Amino acid sequence: MHLLIQKAKQQDRLAQKQLYDQYAASLLSVCRLYISDAHFAEDVLLRAFFKILTHIDSYQEQEHFYAWMRRITVNECIDFLRSKTQKVALADWNDTYDSIDDTDLDSYDFEESQIQQFIDQLPAASRAVFNLYVFEDYSHKQIAAELGISEGTSKSQLAYAKKRLKQMVNE
């Protein structure tokens, strides 16, 4: 892997293609977590890979390469959502959802595609908060800063997403 990255840093097109071939599917899955439309997700993936390949010189060897690429991809997804989601969708909600308890989902057996379908049905703002909180381990403070919303809105959006997902799972 180290040699492949070094070749990509030297603008070796074959090495760049090999990196794309090796990581495109898993990074597309990351995009699909945030973006329900497959065509938009693929567009964001291409933008993310362009950024990865044009900034590969900034990759530090002590960092895990996939984690570095995933961070770039998530940031591209967030940029896409910012451009497509109006502030109205992220407007402050009242915090009535904050008291929703988590459901033990371990007792359910779902395929990855089923889980993706559930997440796709969430409103864009709730989906973004849910994914950042659950899959990227962002705090509400980090989510609020990243999406330009209040921490209360982040908490409300997460609670709403959990509530909707529970409803979908139980149906």
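Residues numbered from 1 in each chain as written. Predicted model: local features only at pLDDT ≥ 70, side-chain atom pairs only at ≥ 80, totals over all residues. Heavy atoms only, no water.

The name given to the chain in an unreviewed UniProt entry is RNA polymerase subunit sigma-70, with Capnocytophaga leadbetteri as the source organism. Checking UniProt for the chain, the heading Sequence similarities (unreviewed entry) contains the comment "Belongs to the sigma-70 factor family. ECF subfamily." (UniProt positions renumbered as here; feature names shortened; annotations may be inferred.)

What follows concerns the pattern of salt bridges. Considering all chains together, one arrives at nine salt bridges under this definition. Put simply, Glu61 and Lys9 hold a salt bridge, and the shortest N to O gap is 3.3 Å. Within this pair, whereas Glu61 is found in the loop between helix H3 (38–54) and helix H4 (65–84), its partner Lys9 is found in helix H1 (residues 2–9), the two being separated by 52 residues in sequence. Note that Arg71 and Glu63 form a salt bridge whose closest N and O atoms lie 2.6 Å from each other. Assessed through its relative accessible area of 41%, Arg71 is described here as partly exposed. Judged by its relative accessible area of 24%, Glu63 is partly exposed. (Salt bridge = Lys/Arg side-chain N within 4 Å of Asp/Glu carboxyl O. Helix = DSSP H or I, 4+ residues; strand = E, 2+ residues; numbered from the N terminus. Buried < 20%, exposed > 50% of the residue type's maximum accessible area, 1.4 Å probe, protein only.)

Moving on, we come to a nonpolar patch on the surface. Together, Tyr133, Val134 and Phe135 give the surface a local cluster of nonpolar side chains, amounting to about 230 Å² of exposed area. When you line up the elements, Tyr133 lands in helix H6 (residues 124–134). The exposure class assigned to Tyr133 is partly exposed, which follows from its relative accessible area of 32%. (Patch = residues over 30% accessible without salt bridge, like charges linked within 9 Å, V, L, I, M, F, W, Y side chains within 5 Å. Areas by Shrake-Rupley, 256 points an atom, 1.4 Å probe, with all protein chains shown as cover.)

Further remarks concern the packing of aromatic side chains. This model, assessed by the stated rule, comprises eight aromatic pairs. The rings of Tyr23, Tyr59, Phe65, Tyr66 and Trp68 are connected pair by pair, giving a single aromatic cluster. (Phe/Tyr/Trp six-rings, centres within 6.5 Å; stacked < 30°, edge-to-face > 60°.)

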